[in-house]
Amino acid sequence: MKTKFNLESLVRENIKALKPYSSARDEYKDVNTSEMIFLDANENPFENGVNRYPDPQQQNVKELLSQVKNISSKNILLGNGSDEVLDLIFRAFCEPNQDNIITLPPTYGMYAVLANINAVENRPVLLSTDFQPKVTQILKEVDENSKILFLCSPNNPSGNTFTIEIVEELLLKFNGLVVIDEAYIDFSEQKSWLEKIAQFPNLMITQTLSKAFGLAGIRLGVCYASEEIIKILNRIKPPYNVNELTQQKAIERLSKIDAVKKEVFEIIQERTKVVEALKEIAFVKVIYPTDCNFVLVQVDNATTRYEQLIAKGIVVRNRTTQALCENCLRFTIGTPLENQQLMKALKEISL
Ligand SMILES: *Cc1c(COP(=O)(O)O)cnc(C)c1O
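Residues numbered from 1 in each chain as written. Predicted model: local features only at pLDDT ≥ 70, side-chain atom pairs only at ≥ 80, totals over all residues. Heavy atoms only, no water.

Check the secondary structure of the protein chain and you find 13 helices and 11 strands. Taken against the 2.2 N^0.38 rule, which gives 20 Å for 351 residues, the C-alpha radius of gyration of the protein chain at 22 Å falls within 12% of a compact globule. Projected onto its principal axes, the C-alpha positions of the protein chain cover 70 × 50 × 30 Å. For the protein chain, buried positions account for 51% of its 351 residues. Entry remark: accessible area of the protein chain is about 17300 Å², with carbon and sulfur atoms responsible for 51%. (Helix = DSSP H or I, 4+ residues; strand = E, 2+ residues; numbered from the N terminus. Rg over C-alpha atoms; globule rule 2.2 N^0.38 Å. Buried < 20%, exposed > 50% of the residue type's maximum accessible area, 1.4 Å probe, protein only. Areas by Shrake-Rupley, 256 points an atom, 1.4 Å probe, with all protein chains shown as cover.)

Neighbouring residues of the ligand: 13 residues in total, closest Tyr184, Thr208, Ser210, Lys211 and Arg219. Separating an oxygen atom of the ligand from a side-chain N or O atom of Asn156 is a distance of 2.8 Å. Tyr184 has a polar side-chain atom sitting 2.7 Å from an oxygen atom of the ligand. When the ligand sits alone it has 390 Å² of accessible area, and the protein chains cover 93% of it. Of the residues belonging to the shell around the ligand, the class tally is four nonpolar, five polar and four charged. (Near = heavy atom within 4 Å. Polar contact = N/O pair within 3.5 Å; in protein donor to acceptor, adjacent residues only side chain to side chain. Nonpolar A, V, L, I, M, F, W, Y, C, P; charged D, E, K, R; others polar.)

In the numbering adopted here, UniProt assigns the feature "modified residue: N6-(pyridoxal phosphate)lysine" (unreviewed entry) to Lys211. Tracing the sequence through the fold places Lys211 in the loop between strand 6 (203-208) and strand 7 (221-224). Ignoring anything within four residues of it in the chain, the contact list for Lys211 reads Ala183, Tyr184 and Phe187. (UniProt positions renumbered as here; feature names shortened; annotations may be inferred. Contact = heavy atoms within 4.5 Å.)

In total, this model carries seven aromatic pairs according to the counting rule given. A ring pair is formed by Tyr28 and Phe38, whose centres lie 5.9 Å apart and whose planes are at 55°; its orientation type is tilted. Within this pair, whereas Tyr28 is found in the loop between helix 3 (24-27) and helix 4 (59-69), its partner Phe38 is found in the loop between helix 3 and helix 4, the two being separated by 10 residues in sequence. Both rings, one in Phe90 and one in Phe150, keep their centres 5.6 Å apart while their planes meet at 25°; by these two values the pair is stacked. With Phe90 in helix 5 (residues 81-93) and Phe150 in strand 4 (residues 146-152), this pair connects stretches of sequence that are 60 residues apart. Note on Phe90: relative accessible area 0%, which makes it buried. The exposure class assigned to Phe150 is buried, which follows from its relative accessible area of 2%. The rings of Phe90, Tyr108, Tyr111 and Phe150 are connected pair by pair, giving a single aromatic cluster. The ring centre of Phe283 lies 3.8 Å from the NZ or CZ of Arg305, which sits over that ring. The ring of Phe294 has Arg330 lying over it, and the distance from NZ or CZ to the ring centre is 5.4 Å. (Phe/Tyr/Trp six-rings, centres within 6.5 Å; stacked < 30°, edge-to-face > 60°. Lys NZ or Arg CZ within 6 Å of the ring centre and 35° of its normal.)

We now examine the domain arrangement of the protein chain. As assigned here, the protein chain comprises domain 1 (7-255) and domain 2 (258-349). For domain 1 and domain 2, the distance between their C-alpha centroids amounts to 29 Å. Of the residues lining the interface, 22 residues belong to domain 1; the matching set on domain 2 comes to 21 residues. Together, the buried faces of domain 1 and domain 2 total about 1800 Å²; carbon and sulfur atoms form 65% of this surface. One can count one salt bridge joining domain 1 with domain 2. Where Arg253 meets Glu263, a salt bridge forms, and the shortest distance between an N and an O atom there is 2.8 Å. Inspection of the domain 1/domain 2 interface yields six residue pairs in polar contact (both at pLDDT 80 or more). Taken together, the residues of the side of domain 1 that touches domain 2 sort by class into 10 nonpolar, nine polar and three charged. (Domains from an automatic or database assignment. Buried area = accessible area lost by both parts, 1.4 Å probe. Salt bridge = Lys/Arg side-chain N within 4 Å of Asp/Glu carboxyl O.)

Laid out in structure tokens, this is it:
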């Protein structure tokens, strides 16, 4: 289907030539062999639960994720939050002071920050006023050094999902890597792009355990892509990038997937209630459609309303400085009680 995509040509030369660090646990992996005596990693031998280095390939976590997400563990790379995963993608594919990426504001701020850190040019192309990618404008920005196109879908802070047709057109017409950030996919009606990985060799998907899975504190980000892409990222990841406590917590949570689904269901129900209640607030001008665990609203004066809410002990996100988000506030959906308190506060300040 695609003829011009060439993974090899996208990888930085120094990464192609790299000889990866080989850790003790890489060289002798069979950590379950209880008869073995491990004197290879200079660990303290006295058992306390975390005296040993963690599994560098996080096989048990990947095994569970692979069942939950219905994808081979060979298509998975884990990182210390999505932030590390995104940074690895930059470092594998973007030559500093030469390559560029394309982002679609208003969107997640980390793509631009990571571009800056890695000395990679960011070419922003605004979304349309209904927060969809503008394909023609995007393709106009592309040149031979355009390595990555970041699509955040469902998008933060707008909350909407990009249409399947637009994403597919971009996957077909952009010859670099298309990274779809699905941090909020578990709150969306639209299906994940995961099952399209075999069909589109340039497709990469990032997800996280920070939102729907309720584990922001453990820092676990996920990248799904072709085996070839995952192999490249594996070569450059720090050897023990996901710590033992994080792996244990993730395994615990992924083993209770029904509990996660129940919470997600409740958050989505609460989202409907919050949206309904917001319609009754006079200073709320627009309530944007949302597929996430937050809702973006345009108000009369975002900064005034933000400060009034702070005075009532409620912290929301003021997005007024973001492109296309003038006078917009972003409300995360909380517990039923928290949402009631938000609505009460909004009514009080509207008087
Ligand atoms: C919250 C969020 C993430 C999560 O990042 P972590 O580092 O995994 O916590 C990623 N992408 C978007 C768009 C987000 O809003």
